[in-house]
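The primary structure of each chain is shown beneath.
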Amino acid sequence: MVAVWLVHVGQKLLLWGVLSAISLAGATLILSFLQMMASYAHNWLQMRPIPTIPGAYPFLGHLLMLERGGKEFFQQLIHYSEEYRHVPMLKLWLGTVPVIAMDKAETIEVILTSSKQIDKSYLYTFLQPWLGLGLLTSTGNKWRSRRKMLTPTFHFTILEDFLGVMNEQANILVNKLEKHVDGEKFNCFFYITLCALDIICETAMGKNIDAQTNDDSEYVRAVYRMSDLLHRRMKTIWFWHDVLYLLFKEGWDHKRNLKILHNFTTNVINERANEIKRDEEGKSDDKGTTLSNRKCKAFLDLLLNVMDDEGNKLSLEAIQEEVDTFMFEGHDTTAAGINWALYLLGCYPEVQKKLNNELDEVFGQRFAMMEEKVVLSWILRHFWVESNQKREELGLTGELILRPTNGIWIKLKRRIADAS
């Protein structure tokens, strides 16, 4: 009898627990929904005077009007920009979230020069699972404090130490491009992107991932898959809630790739921290060289030693935020910039000829510009570039980074043969 009673009570407790969990989840969703509606109503009233595109639906906004494909989406933005060029700003609703588009310099200047308007858009929250609250996503006192701590690590004398890494990786890129000399047109976009990824990994983390020779590495695949997932999530309102997102295949794909990215940077940070500890104890690392004898220190090394005004070091969590942020921001944008520069140089041979006399004077102080100039100078010292696409064939894709749909197709000739 006691056993039967215990089974009966156990079944009731189990049922009560399940119902409680469902109720708690339901209450959480309802509370989130009410908070979203309150914010929506406030924003709608506050932004009512700003011009908007007609055809928006309540709660959905303009989402049903937006093109899903990156190429079509970018062309749509260009169309709206031309149509509403006469207004200082234009309002779009992504569900319940307002997005303001500005294309007049005097309007944008007010925001960019403000020391108070530093809060990030709601869409930046989708970056937080990957980047945490680093420089890109944080705001307020945390942003100001973190920026003050990190600014010295970007001094031009420190950045110049990275020239060796940039030259080494650019040399690998040139050797890979050699096989295309005097050949058919080819897509150079992926070659340059892998070079930029190798550079950022070694300069940011002190880790050589050999992306140019091993483009099928798990980490490389995770970086690009995560960028695609983030862009799709921003444009899909039913992906916005974290719980709902996990009900879809893309949500689990996001979780899997996030684990790969974080495990990689966590392991690199721990390895580097242990090296520094051994170095401080006067011991050698596994290769027989101390950290202080390295030819240059990676961004990660600087982060592990940086201190605030009170003499406190960054936590390992904060270091991972900044390393992941630097990785995210530092390779895709630079790769795209190099590709667009090559395309334009290939379109205007007379400009490319002028560069022949300037290649020894192109190095700058800022990291991204310095990297672009190093890689471009290596390519242009060795090859004459000819673009093989018309502007209308590029198919610009408006994703996280402005990219060509089908890459950048060029032909190469050896520069020496053209020196005359």
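Residues numbered from 1 in each chain as written. Predicted model: local features only at pLDDT ≥ 70, side-chain atom pairs only at ≥ 80, totals over all residues. Heavy atoms only, no water.

(A) Structural context of the overall build of the protein chain. Summing up its helical and strand segments, the protein chain has 16 helices and seven strands in all. When the 420 residues of the protein chain are sorted by exposure, 42% land in the buried category. Look at the contacts in the protein chain between residues 6 or more apart in sequence, and 68% of them connect residues 24 or more apart. If you sum the accessible surface of the protein chain, you get close to 23500 Å²; carbon and sulfur atoms cover 58% of it. (Helix = DSSP H or I, 4+ residues; strand = E, 2+ residues; numbered from the N terminus. Buried < 20%, exposed > 50% of the residue type's maximum accessible area, 1.4 Å probe, protein only. Contact = heavy atoms within 4.5 Å. Areas by Shrake-Rupley, 256 points an atom, 1.4 Å probe, with all protein chains shown as cover.)

(B) Representation of unusual backbone geometry. Positioned with a positive phi, Asp182 is a non-glycine residue whose angle comes to about 60°. Even without being a glycine, Asp210 presents a positive backbone phi close to 50°. With respect to the element layout, Asp210 can be found in the loop between helix 8 (189-205) and helix 9 (218-234).

(C) Main features of the nonpolar core. Counting 50 residues, the largest nonpolar core has Leu197, Met205, Tyr219 and Met327 as its most contacted members. Top element by residues in this core is helix 9. It accounts for eight residues. Excluding anything up to four places from it in sequence, Leu197 contacts Ile209, Ala211, Val220, Tyr224, Met327 and His331. With 35 residues, the next largest nonpolar core counts Val174, Ile192, Met370 and Ile408 among its residues. (Core = buried A, V, L, I, M, F, W, Y, C linked by side-chain atoms within 4.5 Å.)

(D) Here's a closer look at the pairing of strand 4 (residues 383-387). In terms of residue burial, strand 4 counts as a mostly covered element, since four of its five residues are buried. With five bridges joining them, strand 4 and strand 7 (residues 409-414) adopt antiparallel strand pairing. Within the sheet, the bridge partner assigned to Phe383 lies in strand 7 and is Arg414. (Pairing = 2+ DSSP bridges.)

(E) Summary view of the packing of aromatic side chains. One pass over the full model with this rule turns up twelve aromatic pairs. When the ring of Tyr40 is compared with that of Trp93, the centres are 5.4 Å apart and the planes differ by 85°; the resulting orientation is edge-to-face. In this pair, Tyr40 sits in helix 1 (residues 2-46) while Trp93 sits in strand 1 (residues 90-94), placing the two residues 53 residues apart along the sequence. The exposure classification of Tyr40 matches that of Trp93, with both residues buried. Judged by centre distance (5.9 Å) and plane angle (90°), the ring pair of Phe186 and Tyr191 falls under edge-to-face. Looking at Lys235, its charged tip hangs above the ring of Phe73, at a distance of 4.5 Å from the centre. (Phe/Tyr/Trp six-rings, centres within 6.5 Å; stacked < 30°, edge-to-face > 60°. Lys NZ or Arg CZ within 6 Å of the ring centre and 35° of its normal.)

(F) Looking closely at helix 9. An ideal rise of 1.5 Å per residue puts 24 Å on 17 residues; helix 9 measures up with 24 Å between its terminal C-alpha atoms. The buried fraction of helix 9 amounts to twelve of the 17 residues, a majority that puts the element mostly inside the structure. Buried residues of helix 9: Tyr219, Val220, Ala222, Val223, Tyr224, Met226, Ser227, Leu229, Leu230, His231, Arg233 and Met234, and no others. (Expected span 1.5 Å × (residues − 1).)

(G) Main features of the packing of helix 7 (residues 163-177) against helix 8. One can describe the packing of helix 7 onto helix 8 by two numbers: an axis separation of 9 Å at closest approach and a directional angle of 160°. The angle between helix 7 and helix 8 falls in the class roughly antiparallel. Two packed elements cross with a definite hand, and for helix 7 against helix 8 that hand is right-handed. Facing helix 7, whose interface residues are Val165, Met166, Gln169, Ala170, Leu173, Lys176 and Leu177, helix 8 presents Tyr191, Ile192, Cys195, Asp198, Ile199, Glu202 and Thr203. When its residues are assigned to classes, the contact of helix 7 with helix 8 shows nine nonpolar, two polar and three charged. (Axes fitted to C-alpha atoms, helices over the stretch in contact; angles between N-to-C directions. Parallel < 35°, antiparallel > 145°, perpendicular 65-115°, else oblique. Left-handed = near helix turned anticlockwise from the far one by under 90°. Nonpolar A, V, L, I, M, F, W, Y, C, P; charged D, E, K, R; others polar.)

(H) Main features of the pattern of salt bridges. What the rule picks out here adds up to 13 salt bridges. With a shortest N-O distance of 4.0 Å, Arg85 and Asp103 are connected by a salt bridge. In this pair, Arg85 sits in the loop between helix 2 (70-83) and strand 1 while Asp103 sits in the loop between strand 2 (97-101) and helix 3 (105-112), placing the two residues 18 residues apart along the sequence. Overall, the relative accessible area of 35% leaves Asp103 in the partly exposed class. In this structure, Asp253 and Arg256 form a salt bridge, with 3.2 Å as the shortest nitrogen-oxygen distance. (Salt bridge = Lys/Arg side-chain N within 4 Å of Asp/Glu carboxyl O.)

(I) Main features of the sheet that holds strand 3 (residues 186-187). Spatial ordering of the open sheet is given by 3-7-4, a layout of three strands whose pairing is antiparallel. Each having just a single partner strand, strand 3 and strand 4 make up the two edges of the open sheet.

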